[in-house]
Amino acid sequence: MGAAMRRIHVGNALSAFGLGFTVPYLYVYVAQVRGLGAMTAGLVLAVFAVAALIVLPFAGRAIVRRGPLPVLLAALVTAAFGALSLGLAGSAWSVLLAASALGAGQAVMQPALATMIVDCSSADTRSRAFAMQFFLQNLGLGIGGLIGGHLVDTTRVSSFTLLFAIEAAMFLLLVVVMATVRMPHSPRVEDAPASAKGSWKRLLGNRAMVQLCVLGFVLFFACYGQFESGLSAYGVEAAGISTSTLGTALAANTLMIVVAQFAVLRFVERARRTRVIALVGLVWAVAWLAAGYAGLGHGSQEMATAAFVSTYALFGLGEAMLSPTVAPLVADLAPEGLAGQYNSAFALVKQLALAVGPAVGGPLGASLHAPYIVTFVLFSLGITYLALRLGRQLTVAQDRPWSVRGSRVVSRGGAPAEPVAAEA
């Protein structure tokens, strides 16, 4: 890694570390510690999603025109202001305004950092760079959450103010680190050919990218959109899982990612990207079947607990396979100069899935146990189908970049000229 990439990875770790301090305790802080009730706490969580949906369409254009670094610095300052304000807010309106600033800043960080990774990596190193990003994000979140859990005290507002102040300090420290990054020259929209200057119209005309966005929505809806809503509700109501076991399951998910991330990378780097995504769908189908056994089977409570924890671990295995696969594919589908636009569009799809997932999965998982499992087994199999279908839209360089590295063939954006399916 060059100096710029090392600083970017440090930045990813710091931002995740800061978020880990507060994300697990946000609901408790608003509803109980500030005494604003469950309704306000729910609105705060909704504001995070709404803020992201509002700013992401503009963020992509800003990244294309100004470059990812200035946009990232602005997002970090906004997030630091929001985090500190949230720690000091005492009324419902001040909490909601602070949450909107924090949510908007967090949302813009994702595509900006992803675009910086694209600009500082080559086709040979991109998968490994995104794998490292995902590894450090999960490690930072886990360590931040662990330390935050020991600092927080629900009887003292000041302990939560300290957590939000630490989060704000991490964002400001990241501003200092990122300000030292010397980015290589990367194409901007002014440098791009005329055919690439259409922004959203150009993106929507890219059939492969549209299919990837549909696939991405199903991926995030069937996994991340269920972690802290439908799946946890199902575990408690159907499988009799305790809150401490839920914590163990989330820890198993993080541990699997940390352990498996670089173990699976060798396989992922030598396989077709769409085949890897298709395999993730099958792995997650098995994970949902394990969850079904935990809640609908007739085994002992110990067996149900083991099956439920295994569900989260299998999700982690799938996540480790996706991290070096999906993000580099988004970058390779983007025309020169529009990587920021494509990263923002994919982040927007993720936010939509994370907003819809809990709204659908929460009530379903809590009350309709068998239909809930069947629904998400089918969604997981749908991932496999959509991935294989996407493979017919990609060029060899997009789906199997390792096979053309020796010839230095580059194929980005646009319609595929040499579909992978034609090889067969």
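Scroll up to find the structure this text is about.
Here we summarise the structure given alongside this text. Source: prediction; values computed, not measured. Once a new chain begins, its residue numbering starts again from 1 and follows that chain's sequence as written. Per-residue local features of the predicted model are confined to residues with pLDDT of at least 70, and side-chain atom pairs are confined, for both listing and counting, to 80 or more; whole-chain, interface and lining totals are unaffected and use all residues. Hydrogens and water are ignored here; the side-chain numbers use all heavy atoms of the structure.

1. Observations regarding the overall build of the protein
1) Next: Secondary structure follows DSSP: runs of H or I at least 4 residues long count as helices, runs of E at least 2 residues long count as strands, and numbering of each begins at the N terminus. Tallying secondary structure elements over the protein gives 18 helices and 0 strands in all.
2) Next: Between buried and exposed lies partly exposed: a residue is buried under 20% and exposed over 50% of the maximum accessible area for its type, with that area taken using a 1.4 Å probe on protein chains only. Taking all 424 residues of the protein together, the buried fraction comes to 55%.
3) Next: Taking all contacts inside the protein whose residues are at least 6 apart in sequence as the whole, residues at least 24 apart take part in 84%.
4) Next: The Shrake-Rupley method, run with a 1.4 Å probe, gives the accessible areas here. Residue values count only the displayed protein chains as cover. When the accessible surface of the protein is split by element, carbon and sulfur atoms take 68% of a total near 17,200 Å². Note on contacts: a residue pair qualifies if any of its non-hydrogen atoms lie within 4.5 Å across the two residues.

2. Structural notes on helix α11 (residues 230-239)
1) Next: α11 sits mainly inside the fold: 8 of its 10 residues count as buried.
2) Next: Regarding α11, the residues found buried are G230, L231, S232, A233, Y234, G235, A238 and A239.
3) Next: One or two positions beyond α11, positive phi appears at G240, with a value near 65°.

3. Focus on the packing of helix α13 (residues 273-296) against helix α17 (residues 369-391)
1) Next: Remark: α13 packs on α17, axes separated minimally by 7 Å, with the N-to-C direction vectors making an angle of 170°. Regarding the angle of α13 to α17, the classification is roughly antiparallel.
2) Next: Partitioned by chemical class, the residues of the contact of α13 with α17 number 19 nonpolar, 7 polar and 1 charged. Think of each axis as a best-fit line through the C-alpha atoms, taken over the contacting stretch in the case of a helix, with angles from 0 to 180 degrees between the N-to-C directions. The scheme is simple: roughly parallel for angles under 35 degrees, roughly antiparallel for over 145, roughly perpendicular for 65 to 115, oblique for anything else. Throughout this entry, Asp, Glu, Lys and Arg are counted as charged residues, while Ala, Val, Leu, Ile, Met, Phe, Trp, Tyr, Cys and Pro are counted as nonpolar. The remaining residues, Gly among them, count as polar.

4. Observations regarding the pattern of salt bridges
1) Next: Salt bridge, as applied in this entry: a Lys or Arg side-chain nitrogen positioned within 4 Å of an Asp or Glu carboxyl oxygen. Scanning the entire structure with this criterion turns up 3 salt bridges.
2) Next: Here R126 ties to D332 by a salt bridge, and the two come within 3.2 Å at their closest N and O atoms. With a gap of 206 residues between them, R126 in helix α6 (residues 126-151) and D332 in helix α15 (residues 326-333) connect regions that are remote in the sequence. Side by side, R126 and D332 carry an identical accessibility label, which is buried.
3) Next: Measuring nitrogen to oxygen at the nearest pair gives 2.8 Å for the salt bridge that ties R273 to D332. Of this pair, R273 sits in helix α13 while D332 sits in helix α15, and the two are 59 residues apart along the sequence. Accessibility classification places R273 together with D332 in one group, the buried group.
4) Next: Linked by salt bridges that have partners in common, R126, R273 and D332 make up one network.

5. Some remarks on the environment of L86
1) Next: Its location among the elements puts L86 in helix α4 (residues 68-88).
2) Next: The class of L86 is buried, set by a relative accessible area of 0%.
3) Next: Between the C-alpha atoms of L86 and A168, which are 82 residues apart in sequence, the distance is 10.0 Å.
4) Next: Filtering out sequence-adjacent residues up to four positions away, L86 remains in contact with L26, Y29, V95, A98, A99, L102 and F164.

6. Details of the side chain of T325
1) Next: Assignment of secondary structure puts T325 in the loop between α14 (301-322) and α15.
2) Next: Apart from the residues lying within four places of it in its own chain, the contact partners of T325 are V268, R273, V276 and I277.

7. A short note on the environment of L317
1) Next: Tracing the sequence through the fold places L317 in helix α14.
2) Next: Given the relative accessible area of 24%, L317 is considered partly exposed.
3) Next: A C-alpha to C-alpha distance of 9.6 Å links L317 and V258, two positions 59 residues apart in sequence.
4) Next: Those residues in contact with L317 that sit more than four places away from it in its chain are M256, A260, V264 and V283.

8. Comments concerning the packing of aromatic side chains
1) Next: The aromatic pairing rule takes the rings of Phe, Tyr and Trp, using the six-membered ring of Trp, and pairs them if the centres are within 6.5 Å, calling planes under 30 degrees apart stacked, those over 60 edge-to-face and the rest tilted. On inspection of all chains with the given rule, the structure shows 16 aromatic pairs.
2) Next: Of the aromatic side chains, those joined through ring pairs into one cluster are F217, F221, Y234, W284, W288, F315, Y372, F376 and F379.

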